[in-house]
Amino acid sequence: MQRNNPKNAAPSYATRIFVPVSGLVGAAVLTLLCGCSASDPQKASNAASPARTVASQAAIPPDSIPSANNGRDKTADFKTAKKKAPWLGKIKSVTETEPGRIRIETSIVDPRGADGGEEAKSAIAICQSVVSLFGPSYVSVLEDDGTNFVLFGHPTVPSGACAEV
């Protein structure tokens, strides 16, 4: 029986697959090692020159530095324009998150009364003041915990009005 004779047996699939895969792995390793050892002659010539420090670079103008929240801070402008408003102390920040969209963070905590309490009236007044001062297409007034309290320009509120949500 020649079937059981190992000399006449066909090579297994494992052997056929192993050779090409190991060749590919070897080629990948060689490519990585060659890429790491290549040196850029331009970088080598600059190695002897002194490094440029932050102090020797030109300063970036403050208005071109992005803020942490990637928005344009309008808090100072708003507080200056509305310095006599009774709710001014409740404003934490006024930020233009993108053109035409303003987000107002407040320290207001609203119990969500059915008749619209003083907190709701203050938040609506803040929203209306922002709309009249900056003319945005969308405004969100946030409570102290970060939830939306009053919106302007949202499909769920009447057109052209600031409303509690």
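Residues numbered from 1 in each chain as written. Predicted model: local features only at pLDDT ≥ 70, side-chain atom pairs only at ≥ 80, totals over all residues. Heavy atoms only, no water.

What to know about the sheet that holds strand E4 (residues 138-142)
Sheets are built from strands paired through backbone hydrogen bonds, the pairs being either parallel or antiparallel.
Link 1 in the chain: With mixed pairing, 6 strands are arranged side by side in an open sheet as E1-E2-E3-E4-E5-E6. In this open sheet, the two strands that pair with only one neighbour each are strand E1 (72-73) and strand E6 (162-164).
Link 2 in the chain: Sheet topology note: the E1/strand E2 (residues 91-98) ladder contains 2 bridges and is antiparallel. Its bridge partner lying in E2, Asp73 is registered against Thr95. (Pairing = 2+ DSSP bridges. Helix = DSSP H or I, 4+ residues; strand = E, 2+ residues; numbered from the N terminus.)

Examining helix H4 (residues 118-134)
Link 1 in the chain: With 17 residues, H4 should reach 24 Å at 1.5 Å per residue; the first-to-last C-alpha distance of 24 Å fits that figure.
Link 2 in the chain: Restricting attention to buried positions, one finds in H4 the residues Ala120, Ser122, Ala123, Ile126, Cys127, Ser129 and Val130.
Link 3 in the chain: Of the surrounding elements, those touching the buried residues of H4 are helix H3 (75-81), E2, strand E3 (101-106), E4, strand E5 (148-152) and E6.
Link 4 in the chain: Looking one or two places after H4, you find Gly135, whose phi comes out positive at around 65°. (Expected span 1.5 Å × (residues − 1). Buried < 20%, exposed > 50% of the residue type's maximum accessible area, 1.4 Å probe, protein only. Contact = heavy atoms within 4.5 Å.)

Points about the pattern of salt bridges
Link 1 in the chain: Across all of its chains, the model carries 5 salt bridges by this definition.
Link 2 in the chain: A salt bridge links Glu96 to Lys74; the shortest N-O distance between them is 3.9 Å. Taken together, the positions of Glu96 in strand E2 and Lys74 in the loop between E1 and H3 put the pair 22 residues apart, joining distant regions of the chain.
Link 3 in the chain: Take Lys74: its relative accessible area is 8%, and that puts it in the buried class.
Link 4 in the chain: For the salt bridge of Asp144 with Lys92, the shortest nitrogen-to-oxygen distance reads 2.5 Å. Taken as a pair, Asp144 in the loop between E4 and E5 and Lys92 in strand E2 lie far apart in primary sequence, 52 residues in all.
Link 5 in the chain: On the accessibility criterion, Lys92 (43% relative accessible area) is partly exposed.
Link 6 in the chain: Among the charged side chains, a network of salt bridges with common partners joins Arg72, Lys74 and Glu96. (Salt bridge = Lys/Arg side-chain N within 4 Å of Asp/Glu carboxyl O.)

Observations regarding the packing of aromatic side chains
Link 1 in the chain: According to the stated counting rule, one finds 2 aromatic pairs in the structure shown.
Link 2 in the chain: An angle of 15° between the planes, with centres 5.8 Å apart, marks the rings of Phe78 and Trp87 as stacked.
Link 3 in the chain: Owing to a relative accessible area of 0%, Phe78 belongs among the buried residues under this scheme.
Link 4 in the chain: The exposure class assigned to Trp87 is buried, which follows from its relative accessible area of 8%.
Link 5 in the chain: Here the aromatic rings of Phe78 and Phe134 are separated by 6.4 Å at their centres, their planes lie at 35°, and the arrangement is tilted. Of this pair, Phe78 sits in helix H3 while Phe134 sits in helix H4; the two residues are 56 residues apart in sequence, bridging distant segments of the chain.
Link 6 in the chain: Through pairs of rings, three or more aromatic residues link up here, namely Phe78, Trp87 and Phe134.
Link 7 in the chain: Between Arg101 and the ring centre of Tyr138, over which it is positioned, the NZ or CZ distance is 4.0 Å. (Phe/Tyr/Trp six-rings, centres within 6.5 Å; stacked < 30°, edge-to-face > 60°. Lys NZ or Arg CZ within 6 Å of the ring centre and 35° of its normal.)

No statement about biological role is implied by the geometric values presented.
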